[in-house]
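Descriptive structure summary
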Amino acid sequence: MIDLLSILSIAMILTSLIVFGLRNYKAAILTYGLQTALLVSIFLLLSTTHLAEQLCTWALIAFFTKVLFIPIILLRLVKKLGVVSEDEPVGGFFVSPIIAISFSLAIAMSVYPIYMKFSLIHESIPLIASITIFMIGIFGFILRNSVIKQILAYCMFENGIHLSLALMAYNSPEIAELGILTDAIFAVIIMSVLAQRFHHYFGSLDVSKATELKG
Amino acid sequence: MDMQQLFILLLAVPLLASLIIWFAPTQFKLVSTLHVMASMVSSALAVITVMKVMNGKVFFAFHDMLFIDALGGVFLSLIGVTGLLINLYSVKYMQWEIQKGEITSKDAKLFFALSHLFVFTMTFSVLANNIVLMWVAIEATTLSSVFMVALHKGKKSTESGWKYIVICSIGLAFALYATVLLYSAGFAVIKDSHSMMLWTTLMAHAKEINPDILKLIFVFALIGYGTKAGLAPTHTWLPDVHSEGPAPASAMLSGILLKCAILGLIRYYAIVGNSMVGFEYVQTVMLISGLMTIFIAALFLMRQHDVKRMFAYHSIAHMGVIAFGLGVGGFVGLFAALFHALAHSVTKALAFCVTGNMVKIYGTRDMTKMGGLIRIAPITAILFCISICSLVGVPGFAIFVSEFWMIQESFNTALYLPVVLFIIGLIIIFIADFSHFFLATFGESKSKILSHEVEWSANLPLIGLAALIIIFGVFSVDGWVTLLNSAVKIIVAA
């Protein structure tokens, strides 16, 4: 029987696919918020089932920074720029999510046995989910041209890494988790500022239109 | 002053300088004075620290999370010496930019504040013993330097800033995976969560860590830190970023930042090399990576007429040379790779700062529109000549020394095919560079001359860099050799 941890992990994969695939920015950002809420739930669940008390602190920090702060920044960005939905991505709206999920799952399935050997929490589905979410984030950069979707892709692979960290190294010193999160928040803020500049100069959020630097 | 205080000062001075400049009134004279003073203090602290670890001593602080050894000392010396000279040059450069109306005094203040924040993050990355903190610091170097690169307003600057943060963040995500995996694999051996995150403990227990996972970890680390260091095929951000940023930012990125990323990689190289995997594996991977990087850079370099873009491809090529040195391995190969880090640091800092002079004189970066530099600005022309001579490996200049040792060691260890490919790559770079050099330096200028020789205050730091190139090319500097010997011993755990 599938346990709660696996259900939450599968829900995280599904939300990744939705964030990746949705054209509407606001809906994609809210779904990202939901995905991070699932991540926080996993932290809390693991903290009780595996007596990993540190994960309670992680959950609290992640809730304020990733469930609230980052989505608020992104929603404000979308409102400020007055954009609603993204332009056609590489391979089209239908094909690009299929490519992303199939390749991500394939990579996750081939790599996760190695992770299993050393993971503190020996659960295959959550480990597969962590690698899949990370890879969907990477594919988000490759296949989606929208600056905002690329910021969301960054946030997603960040979630993937955090899930891996919770499963494989939840006992690591808290300063490590704090350092990674601080970098992530500053990265999103800087990317948002650059996104505004991008929109100002190119009149669009489509990175394929930025072709000034070649050769 | 005890080491604990020195650690605090090393990190606090640039961080505080950044904050003070950030909140200071927007008066160019005031912020530039603060900038110069802070740079001098940071540099003095770095040099004092390096002197303490020269003979192989190691110092720890903050529950061993920070440390300084001779290997870190090599890279701290780059931050201290190259960083100071670039920061001194940047004052005059920013003044020119303000006079041209390219930037405002507020932009210059932002640049100075960020440059100290950048120095803070780079110093942190060198001092970190905790492998997660090292990753955090290297990622923070990207974040702190984005707006130094994208200082100018406009399409090109924005595009370069975006490419920089996106490509480096993706690359470094793999390095974070390498970090998590290394910690987990280490924890399986020693059940101590604090100490298994420390590089020194991981090195001490390298032989007990599962060799299969270490191979995967090294590949992830190479993708991650290799992206940041500009190794092919994930080097694509580098030409755009180095060519579009202000000259001192490009000099800082190429001269110091790329080396800090290489230090991150060397830390993994040492762990995997000293494990049951052995040095043969890491050397083979680095040889392939180095040669691929040199050839890709050489081929693109031939087509460049933009002087900054040409130097940007040079940065890639020379990171390939450092990777080749790590690939050759052994005491001499590693010594040469570390020597090359310094040689390239001072050379490329000079090269990029000279482009600042050239753009002031011609108003363009296109070398086909230049010419007659030797008559218009003889000192700039000589400095340009010194940087080119060193970059292509002319004897008597710093880069020749490390490249010669790499070639010699390759023959000694029977790496005949790699060394032949290495030499071919260097010959391509040599030909491409000198044709570009003659284009800009001799003949008649093809564009209107906007200025003649720049002020002495701008040229003096560059003369300092040129002097270092020649000193390290001609003499054997005892202190530096001792430091490198100690650093190599750390890598091979001798």
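First things first, this report covers the structure right here in the doc.

Reading guide: rules and limits
Residues numbered from 1 in each chain as written. Chains lettered and ligands numbered in written order. Predicted model: local features only at pLDDT ≥ 70, side-chain atom pairs only at ≥ 80, totals over all residues. Heavy atoms only, no water. Helix = DSSP H or I, 4+ residues; strand = E, 2+ residues; numbered from the N terminus. Rg over C-alpha atoms; globule rule 2.2 N^0.38 Å. Contact = heavy atoms within 4.5 Å. Buried area = accessible area lost by both parts, 1.4 Å probe. Salt bridge = Lys/Arg side-chain N within 4 Å of Asp/Glu carboxyl O. Polar contact = N/O pair within 3.5 Å; in protein donor to acceptor, adjacent residues only side chain to side chain. Nonpolar A, V, L, I, M, F, W, Y, C, P; charged D, E, K, R; others polar. Axes fitted to C-alpha atoms, helices over the stretch in contact; angles between N-to-C directions. Parallel < 35°, antiparallel > 145°, perpendicular 65-115°, else oblique. Phe/Tyr/Trp six-rings, centres within 6.5 Å; stacked < 30°, edge-to-face > 60°. Buried < 20%, exposed > 50% of the residue type's maximum accessible area, 1.4 Å probe, protein only. Lys NZ or Arg CZ within 6 Å of the ring centre and 35° of its normal.

Looking at the overall build of chain A
Counting its secondary structure elements, chain A contains seven helices and zero strands. Ordered by position in the sequence, the α and β elements of chain A form the string α-α-α-α-α-α-α. Its C-alpha radius of gyration of 17 Å places chain A within 12% of the 17 Å reference for a compact globule of 215 residues. Expressed along its principal axes, the backbone C-alpha trace of chain A runs to roughly 50 × 35 × 30 Å.

Side note on the interface of chain B and chain A
Taken residue by residue, the interface counts 52 residues in chain B and 47 residues in chain A. When the two sides are added together, the surface that chain B and chain A hide from each other amounts to roughly 4300 Å², 75% of it contributed by carbon and sulfur. At the boundary of chain B and chain A, one finds zero salt bridges. One can count nine residue pairs in polar contact (both at pLDDT 80 or more) joining chain B with chain A. Taken together, the residues of the side of chain B that touches chain A sort by class into 30 nonpolar, twelve polar and ten charged.

Comments concerning the packing of helix H12 (residues 307-328) of chain B against helix H13 (residues 330-362) of chain B
Residue and element names in this part refer to chain B. Axis separation between H12 and H13 bottoms out at 8 Å; the angle between their running directions is 175°. Classified by the angle their axes make, H12 and H13 are roughly antiparallel. Mapping the contact onto sequence places Val 307, Lys 308, Phe 311, Ala 312, His 314, Ser 315, His 318, Val 321, Ile 322, Gly 325, Leu 326 and Val 328 in H12 and Gly 330, Gly 333, Leu 334, Ala 337, His 340, Ala 341, His 344, Lys 348, Ala 351, Phe 352, Thr 355 and Met 358 in H13. Split into classes, the residues belonging to the contact of H12 with H13 amount to 13 nonpolar, nine polar and two charged.

A look at the packing of aromatic side chains
The full count for this structure, using the stated rule, is 35 aromatic pairs over all chains. With 6.4 Å between their ring centres and 65° between their planes, Phe218(B) and Tyr281(B) make a pair best called edge-to-face. Here Phe218(B), found in helix H8 (residues 211-229), pairs with Tyr281(B), found in helix H11 (residues 279-302); they are 63 residues apart in sequence, far enough to count as distant. A residue is classified by how much of its surface remains accessible, and Phe218(B), at 0% relative accessible area, is buried. Every member of this aromatic cluster is reached through a ring pair, and the members are Tyr115(A), Phe134(A), Phe141(A), Tyr154(A), Phe157(A), Phe174(B), Tyr177(B) and Phe220(B). In this arrangement the basic side chain of Arg144(A) is found over the ring face of Phe20(A), its NZ or CZ atom lying 5.0 Å from the centre. For Lys215(B), the ring lying beneath its charged end belongs to Tyr281(B), and the centroid distance is 5.6 Å.

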